[in-house]
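Residue-level listing of the chains:
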Amino acid sequence: MVTASLPGVVGFAVAFGCLATLLLVPDSGAWRWWTAAVGALAPGVGFTLQAMARMAPGAATQQCQGHR
């Protein structure tokens, strides 16, 4: 059985909501570009948060500081 992480599910939910908004609202404007950008980036942010959560707390600190 495969389970999904909360950040991954939230990322895809945000992306789906952005897509639905872009398809269902018959308006043109600058907000559409921001909505498309958020929808495209949301799954990547969710998977990044998931990967950071799996790392050991000390390893994440060392990686951010550039230590090996």
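Residues numbered from 1 in each chain as written. Predicted model: local features only at pLDDT ≥ 70, side-chain atom pairs only at ≥ 80, totals over all residues. Heavy atoms only, no water.

Colleague: Can you walk me through the overall build of the protein chain in this structure?
Modeller: Within the protein chain one finds three helices and zero strands. Reading the protein chain from its N end, one meets helices and strands in the order α-α-α. Residues classed as buried in the protein chain amount to 16% of the 68 residues present. A total of about 5,500 Å² of accessible surface is found on the protein chain, and carbon and sulfur atoms cover 72% of it. (Helix = DSSP H or I, 4+ residues; strand = E, 2+ residues; numbered from the N terminus. Buried < 20%, exposed > 50% of the residue type's maximum accessible area, 1.4 Å probe, protein only. Areas by Shrake-Rupley, 256 points an atom, 1.4 Å probe, with all protein chains shown as cover.)

Colleague: Honestly, a nonpolar patch on the surface in this entry has me stumped. Any pointers?
Modeller: A grouping of Leu6, Val10, Val14 and Val38 is seen on the molecular surface, where their side chains present a nonpolar patch of about 340 Å² in accessible area. No other element matches the three residues that helix H1 (residues 6-24) contributes to the nonpolar patch. Note on Leu6: relative accessible area 64%, which makes it exposed. (Patch = residues over 30% accessible without salt bridge, like charges linked within 9 Å, V, L, I, M, F, W, Y side chains within 5 Å. Salt bridge = Lys/Arg side-chain N within 4 Å of Asp/Glu carboxyl O.)

Colleague: Which parts of the structure should I look at to understand the packing of aromatic side chains?
Modeller: Given two aromatic rings, their pairing is described by the distance between the two centres and the angle made by the two planes. On inspection of all chains with the given rule, the structure shows one aromatic pair. For the ring pair Phe12 and Phe47, a centre distance of 5.7 Å and an interplane angle of 75 degrees mean the geometry is edge-to-face. Residue Phe12 is found in helix H1, and its partner Phe47 is found in helix H2 (residues 31-54); the two are separated by 35 residues along the sequence. Accessibility expressed as a relative area gives 47% for Phe12, which makes it partly exposed. Taking the relative accessible area as the measure of exposure, Phe47 reaches 42% and is therefore partly exposed. (Phe/Tyr/Trp six-rings, centres within 6.5 Å; stacked < 30°, edge-to-face > 60°.)

Colleague: Help me understand the side chain of Gln50 in this model?
Modeller: With respect to the helices and strands, the residue Gln50 is situated in helix H2. We classify Gln50 as buried; its relative accessible area is 16%. Setting aside residues up to four positions removed in sequence, Gln50 forms contacts with Ser5 and Pro7. (Contact = heavy atoms within 4.5 Å.)

Colleague: Explain H1 to me, please; I cannot follow it from the model alone.
Modeller: What sets the pattern is the α-helix's 3.6 residues per turn: residues three or four places apart point alike. Over its 19 residues, H1 extends 26 Å from the first C-alpha to the last, a length consistent with the 27 Å expected when each residue adds 1.5 Å. Every buried residue of H1 is accounted for by Gly8, Gly11, Ala15, Cys18 and Leu22. Buried residues along H1 cover an arc of 95 degrees about the axis, so they all sit on one side. Turned more than 90 degrees away from the buried face of H1 sit Leu6, Phe16 and Leu24, all of them exposed. On its buried face, H1 is in contact with H2. (Expected span 1.5 Å × (residues − 1). Arc of directions from axis to C-beta.)

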